[in-house]
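Structural characterization, general
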Amino acid sequence: MIKTVIFDMDGVLVDTEPLHYEVSLLQFEELGITITAELYSTFTGNSNKNIYQKIRDQFGLTHSLDDLLHTKNSLFIDAFNNDSKLELLPGVLNLIVELHQKGMQLIVASSSEHIIIDLVFERFQLGKYFSHRVSGDEFPQSKPHPAIFLKAVELSGHLPNECIVIEDSTNGIKAAKAAGLYCIAYKGEAEGQDQSMADEIIYDFTDLNYDRIKSTNT
């Protein structure tokens, strides 16, 4: 029986991916580098720390990693705070509330930094529903490495076969499967993401409810 649901955040709880892309392009322009859409799509699900390390290496940037991350996060926070139309993805809050009310443990495991996770949780008042928030910034390797999900399972206090993951990105799905977890892929707005490794794909959060998740055969 499933006892814990581990949610990714960007692209699963809230569609912040376009905002990340917008501010990243602005930063890339300031750095004088060109990142193709194809290359950028491979970053989805990675931590900023790993993304910007790859960019530093590939383009020979002399900026420190800390400076690059600080700039990216500052740009994102400003854009997030100024986007009054940004909402949780349709149906996900109803699912979260139902799962919480019926005793399902919820954990978020996001590649974003804690400051970004906290920003989203504060705006949408999600903190009361989730027992733990795990950030990709805590680990030297990001998704598709399974470390973040292995940590989430450890924090849950449950067995891997008592946990499931809801993800949207190729890297996130690979990380969940590498951690030995059942993975549901949400087919949202993210383009260029291969979800074929997921155990199942949903197109709307109304496709999920407590009874269905609890009885998932992992």
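Anything mentioned here points back to the structure above.
Model, not experiment: these values are computed from the prediction.

**Remarks on the packing of helix H3 (residues 48-59) against helix H4 (residues 65-82)**
Orientation of H3 relative to H4, taken along the N-to-C sense of each, is 120°, at an axis distance of 10 Å. One element, H3, and the other, H4, form an angle in the oblique class. For the pair H3 and H4, the sense of crossing is right-handed. Across from Asn48, Lys49, Tyr52, Gln53 and Arg56 in H3, the residues of H4 making contact are Leu65, Leu68, Leu69, Lys72 and Asn73. Class assignment of the residues belonging to the contact of H3 with H4 gives a composition of 4 nonpolar, 3 polar and 3 charged.

**Observations concerning the pattern of salt bridges**
Side chains that differ in sign of charge can pair as their charged atoms come close. If you walk through the whole model with that rule in mind, you get 9 salt bridges. For the salt bridge of Glu162 with Lys3, the shortest nitrogen-to-oxygen distance reads 3.2 Å. Taken as a pair, Glu162 in the loop between helix H7 (147-156) and strand S4 (163-167) and Lys3 in the segment before strand S1 (4-7) lie far apart in primary sequence, 159 residues in all. Classification of Lys3 by relative accessible area gives partly exposed; the value is 32%. The partner of Lys102 in a salt bridge is Glu98, and the shortest N-O contact between them spans 3.4 Å. In this structure Lys102 comes out as partly exposed when scored by relative accessible area, which is 44%. Residue classification places Glu98 among the partly exposed positions, given a relative accessible area of 22%. Shared partners join several salt bridges into a network, and the residues in it are Asp8, Lys143 and Glu167.

**A look at the sheet that holds strand S2 (residues 105-110)**
Spatial strand order, S3-S2-S1-S4-S5-S6: 6 strands in an open sheet with parallel pairing. Here the strands that pair on one side only, and so sit at the sheet edges, are strand S3 (132-135) and strand S6 (200-202). For this sheet the average axis-to-axis angle between neighbouring strands, irrespective of direction, equals 25°. Summarising the sheet, strand S5 (residues 182-186) and S6 pair through 3 bridges and their orientation is parallel. Following the sheet pairing, Tyr186 is matched in S6 by Ile202. Relative to S1, helix H5 (residues 92-101) is tilted by about 150°, and along the sheet it contacts S1 and S2.

Conventions and cut-offs
Sequence order as written defines residue numbering, which begins from 1 separately in each chain. Local features in a predicted model are, by the rule used here, given only for residues with pLDDT of at least 70; side-chain atom pairs are given and counted only at 80 or more, and totals for whole chains, interfaces and linings are based on all residues. Side-chain descriptors were evaluated using all non-hydrogen atoms of the structure, hydrogens and water having been removed beforehand. Orientation is described by axes fitted as lines to C-alpha atoms, over the contacting stretch for helices, and by angles from 0 to 180 degrees between their N-to-C directions. Only DSSP runs of H or I with at least four residues qualify as helices, and only runs of E with at least two residues qualify as strands; both kinds are numbered from the N terminus onward. For classification purposes, an angle smaller than 35 degrees is called roughly parallel, one larger than 145 roughly antiparallel, one from 65 to 115 roughly perpendicular, and anything else oblique. It is the rotation of the near helix from the far one that decides the hand of a crossing: anticlockwise by less than a right angle makes it left-handed, clockwise makes it right-handed. In what follows, a contact means two residues having at least one pair of non-hydrogen atoms within 4.5 Å. Here the nonpolar group is Ala, Val, Leu, Ile, Met, Phe, Trp, Tyr, Cys and Pro; Asp, Glu, Lys and Arg are the charged ones; every other residue, Gly included, is treated as polar. Here, a salt bridge means any Lys or Arg side-chain nitrogen found within 4 Å of an Asp or Glu carboxyl oxygen. Burial status follows relative accessibility: with a 1.4 Å probe on protein chains alone, a residue under 20% of its type maximum counts as buried, one over 50% as exposed, and anything between as partly exposed. In this description, strands pair whenever DSSP reports at least two bridges between them.

The quantities given are spatial measurements derived from coordinates; they are silent on function.
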